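# Descriptive analysis of the structure
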Amino acid sequence: MNKLNSDIKLIWAFGYLAQAIVIGAILFVSEITFASEMFEEISSIGFVVPSIITVLLLIRAGVLPFLHYKIWAFEIKDDEICIERGLLVRRNTSIPVVRIQHIDVNQGIFDRMFGLSRLILFTAGTKRADLRIPGLPVEYAEAVRDRLKNLIVEDVV
Amino acid sequence: MRTMQEDSFDDYKKLSPKTLLYRLITNIPSAIIPAWIVGGNGLAEFGKESLILLLVLMVVTPSIMLHYFFYKYRINERDLSIISGVFAKKHRTIPIEKIQNVRIEQNFLQKMLGLAKVEIETAGDIAAEAKLEFVNKESAEELKLMINNLQSDTFTKQSLNDSDLGQTQIPVAEDVYKMPLKDIIKHGMLRFRPMTLIFGAWAFSTLQQFGFQDQIDKIVTEDSILQLEALSGTELAIYVTVGVLIALLSSWILDILLTINQFYNFNIEFKDGKLFVKHGLFVTKNYASTIKKIQVFAVRTNPIRRLFGFFSLAVESAGTNAEKLGREYLLPLSTLDKVSELTTKYFGFSIEQDYKNTARVSIRRRFVSYLIVYGSLIAALCFADLYFLLGLVLVPLLYLLAKAEYGRHGYIISADKIYIRNGLFFQSSITIPAEKYQACEISSSIFQRRLGLADFHIYTAAMLSDDACVIHDLPLAEAWELKAELDKAFKEHRRKLKGK
């Protein structure tokens, strides 16, 4: 099984960091607004909870990317594609190549900075039956897409 | 900064430039509202409002223009390719063979501008996989024609004409099943839906809507409370019991009547590879199920129905049908023999198999999860009254429950079909033809990993049954073995298809 490109850790970290900042900001701002309405002065106790949460979120931003990267793996064979991921629940998903309905190669804002992309393979099932592989160099993702295009046959559902 | 490359810039087309005009026009109403709000009420303030309008449009317009310029599409004989996105790029590729439907739509404004929306659908999700908003009407027609032509040689188009049973046969309708009125009534009797409650709630809310709120308030508050206080304990108990009994009885009768209305003259005919189902009294339902498109079969029952020997057979087909029909019942209520007769004759399988059990430790896992839930409930109730601690007496019952549920959960893969049996109170036997396999997932939670267990999910093109097609707590090795067998059966089926 292949690993993702290691830059994906940074991209994930940015995502978590952005979340931490936004949530932290919301918590602190609401703390200030509500506390100033309810009490005369803002005590320091009120800030304990938002601070703890923000710190936990920051730790998450630092730790989770590494853990996810360790577990994440994918394999592209001629007849099927499999991915393995998940920290709490380890999931091993596979789809036969002939079941691929269409293919997306997407780049988020951060992805573009590192030259990475996300490959999405859609089947005829629900969203849970789609395969999403992040952290693939663009050329690689496009090469995979082109190869798969040729392997996809007419299909009866 | 590496970005995606496109095969050849020249091949890619942009959407119609009139899209910009259209979007601008459609954005004006939403720009007027903030203008109105900020500008105040009088038309005397016209200058301020038009300024706001202008400002909003100035903000919206660059977005419209950017999205327009960063959207291009290309079609060739292999696939349709769409590249979009200003900051985050998205490149979607749809192989021509996978396109099942091309829809062209125009609303009034679009018609005036000569624009059209093209929606491209593939198998599976109802939502269009690609939407071109908007191209010239002529370009849209051209595109649709091109796709049709490119598909004319492929198997996909053939498979859309459903009859696979030999073109030379003249399709003759064959009676499959007629549900006797007796059975319909029995079905209504055994449904136990709280109809009176639902009906009562509906009547209540309708009355409220029509302004009877005052009368309702009067009835509920003044008179009743005075009367309630006048009653003694026993009288109250009697009234409540009688009230509940009346509610249950009327609910039951109502349910029977509703069921008769729903399934009156339930009739299935087989013709040309399809099962035609018709039923209903005042509102009739009429639909066809293409056998080849059925993804999942489900035979269901519950302990009460089982007592009378009753089962139901339902199927789920790919995508489109599920949205409108949900579960398609082929046999709303019948005997197991009838169910087996139908499944054997028309679908080639029987649910009477040698089901294998999953790992025994599953009993312990289930018991523990029930214990946690029940324990929390008792703990919460104990805040009210320590008397509830006596509830702990029921704990052994939970273990028996876990054991019974474990016993009912079984699976087997046999003759290219996967059978999953499940449920103690809501009993079901699910059958999935291996050829309908779209994706599969072997998953293990932290606890399962410690015990060497896993869950096995199969995904088909059916939307509703995702949660039912799962086997819980398999030993990990068995899960992978099952996958290998599934792969084998799937490949075998495709080999046979190609051989045709």
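Attention here is on the structure that accompanies the text. Given the structure is predicted, the values throughout are model-derived calculations rather than measurements. (Residues numbered from 1 in each chain as written. Chains lettered and ligands numbered in written order. Predicted model: local features only at pLDDT ≥ 70, side-chain atom pairs only at ≥ 80, totals over all residues. Heavy atoms only, no water.)

## Considering the overall build of chain A
We count it as follows: For helices the rule is a DSSP run of H or I covering at least 4 residues; for strands it is a run of E covering at least 2, with both sets numbered from the N terminus onward. The buried label goes to any residue with under 20% of its type's maximum accessible area, the exposed label to any with over 50%, and the partly exposed label to all in between, with areas taken from a 1.4 Å probe on protein chains only. Only heavy atoms enter the contact rule, under which two residues are in contact if any of them lie within 4.5 Å. The accessible surface values rely on the Shrake-Rupley method and a 1.4 Å probe; as for residues, cover is taken only from the protein chains in view. The positive count covers Lys and Arg only, the negative count covers Asp and Glu only, and His and the chain ends enter neither. Charge positions come from single atoms, namely NZ of Lys, CZ of Arg, CG of Asp or CD of Glu.
Regarding its fold elements, chain A presents four helices and six strands. Secondary structure elements in chain A, listed N-terminal to C-terminal, are α-α-β-β-β-β-α-β-β-α. Seen along its three principal axes, the alpha-carbon backbone of chain A occupies a region of about 70 × 30 × 25 Å. The burial tally for chain A puts 46% of its 157 residues in the buried class. Pairs at least 24 apart in sequence give 51% of the contacts found in chain A among residues at least 6 apart. When the accessible surface of chain A is split by element, carbon and sulfur atoms take 67% of a total near 7,600 Å². Charge-centre separation for chain A: the mean point of 17 positive side chains lies 5 Å from the mean point of 18 negative side chains.

## Let's talk about the overall build of chain B
Of the regular secondary structure elements, chain B holds 16 helices and 21 strands. Within the span of chain B, comprising 500 residues, buried residues form 41% of the whole. Put simply, 56% of the contacts in chain B that link residues at least 6 apart link residues at least 24 apart.

## Things to note about the pattern of salt bridges
Put simply, the test is: Salt bridge, as applied in this entry: a Lys or Arg side-chain nitrogen positioned within 4 Å of an Asp or Glu carboxyl oxygen.
Summed over all chains, the structure comprises 27 salt bridges over all chains. Linking A:Asp146 and A:Lys149 is a salt bridge whose minimum nitrogen-to-oxygen distance equals 3.6 Å. In this pair, A:Asp146 and A:Lys149 both sit in helix H4 (residues 138-151), three residues apart, roughly one turn of the helix. Judged by its relative accessible area of 31%, A:Asp146 falls in the partly exposed class. B:Lys117 is paired through a salt bridge with B:Glu119; the nearest N and O atoms lie 3.5 Å apart. Among the residues examined, B:Glu119 registers a relative accessible area of 8% and is labelled buried. A single network of salt bridges, built from pairs that share partners, joins B:Arg103, B:Glu105, B:Lys117, B:Glu119, B:Glu121 and B:Glu133.

## Re the state of the cysteines
Heads up, the rule is: In plain terms, two cysteine sulfur atoms within 2.5 Å form what is called a disulfide here.
Throughout the structure, instances matching the rule amount to zero disulfides over all chains. No disulfide involves A:Cys82; its nearest neighbouring cysteine sulfur is the one of B:Cys440, lying 8.4 Å away. Note on A:Cys82: relative accessible area 8%, which makes it buried.

## Concerning the interface of chain B and chain A
Threshold: Here the quantity called buried area is the accessible surface, traced with a 1.4 Å probe, that two parts lose on coming together, added over both. Two N or O atoms count as a polar contact when they lie within 3.5 Å, although within protein this holds only if one can serve as hydrogen donor and the other as acceptor, and sequence-adjacent residues are included solely when both atoms are side-chain atoms. Should DSSP find at least two bridges between two strands, the strands are regarded as paired.
With 58 residues of chain B at the contact, the number on the chain A side is 47 residues. Summed over both sides, the interface between chain B and chain A buries roughly 4,800 Å², with carbon and sulfur atoms accounting for 47% of that surface. Linking chain B to chain A there are seven salt bridges. In this structure, the salt-bridge partner of A:Asp79 is B:Lys491, at a minimum N-O distance of 3.0 Å. One can count 26 residue pairs in polar contact (both at pLDDT 80 or more) joining chain B with chain A. Secondary-structure elements contributing two or more residues to the side of chain B that touches chain A are strand E4 (89-95), helix H5 (155-160), strand E19 (439-444), helix H15 (446-451), strand E20 (453-459) and helix H16 (476-499) of chain B. With seven residues, the top contributor of residues to the side of chain B that touches chain A is E4(B). Bridge count for strand E4 (residues 102-107) of chain A against E4(B) is five bridges, and the pairing is antiparallel. If you follow A:Asp104 over to E4(B), its bridge partner there is B:Arg92.

## Things to note about the sheet that holds strand E10 (residues 274-279) of chain B
Residue and element names in this part refer to chain B. Heads up, the rule is: The convention used is that axes are lines fitted to C-alpha atoms, helices contributing only their stretch in contact, and that angles between N-to-C directions extend from 0 to 180 degrees.
Taken together, the four strands give an open sheet; going across it, the order is E8-E9-E10-E11, and neighbouring strands pair in antiparallel fashion. The open sheet terminates on both sides in strands that have one partner only, identified here as strand E8 (174-178) and strand E11 (285-290). The sheet shows a mean angle of 20 degrees between the axes of neighbouring strands, direction not considered. Against the sheet, helix H12 (residues 336-347) contacts E8, strand E9 (267-271) and E10, and its axis sits at roughly 155 degrees relative to E8.

## Considerations on the sheet that holds strand E5 (residues 99-105) of chain B
Residue and element names in this part refer to chain B. As summarised here, the arrangement of the three strands in space is E5-E6-E7, forming an open sheet in which the pairing is antiparallel. With one partner strand each, in any of the chains shown, E5 and strand E7 (130-136) form the two edges of the open sheet. The sheet shows a mean angle of 20 degrees between the axes of neighbouring strands, direction not considered. Of the strand pairs in this sheet, strand E6 (residues 115-122) and E7 are connected by six bridges, and their pairing is antiparallel. If you follow Ile 120 over to E7, its bridge partner there is Ala 130.

## Brief notes about unusual backbone geometry
Residue and element names in this part refer to chain B. Phe 134 follows Glu 133 through a cis peptide bond whose omega is 5 degrees. Residue position: Phe 134 is located in strand E7. Of note in the backbone geometry, Ala 415 takes a positive phi value of approximately 50 degrees without being a glycine. Considering the arrangement of structural elements, one finds Ala 415 in the loop between strand E16 (410-414) and strand E17 (417-422).

## Regarding helix H14 (residues 395-408) of chain B
Residue and element names in this part refer to chain B. The criterion, for reference: An expected span of 1.5 Å times one less than the residue number is assigned to each helix. Within this analysis, the arc is defined by the directions that extend from the helix axis to the C-beta atoms.
Spanning 14 residues, H14 covers 20 Å between terminal C-alpha atoms, matching the ideal 20 Å at 1.5 Å per step. All buried positions along H14 are accounted for by Val 395, Leu 398, Ala 402, Glu 405, Tyr 406 and Arg 408. Seen from one end, H14 has its buried residues packed into an arc of 160 degrees, which puts them on one side. Looking at H14, the residues exposed on the side facing more than 90 degrees away from the buried face are Pro 396, Leu 397 and Leu 400. Against the buried residues of H14 lie helix H10 (303-307), strand E15 (356-357), helix H13 (361-382), E16, E17 and strand E18 (427-433).

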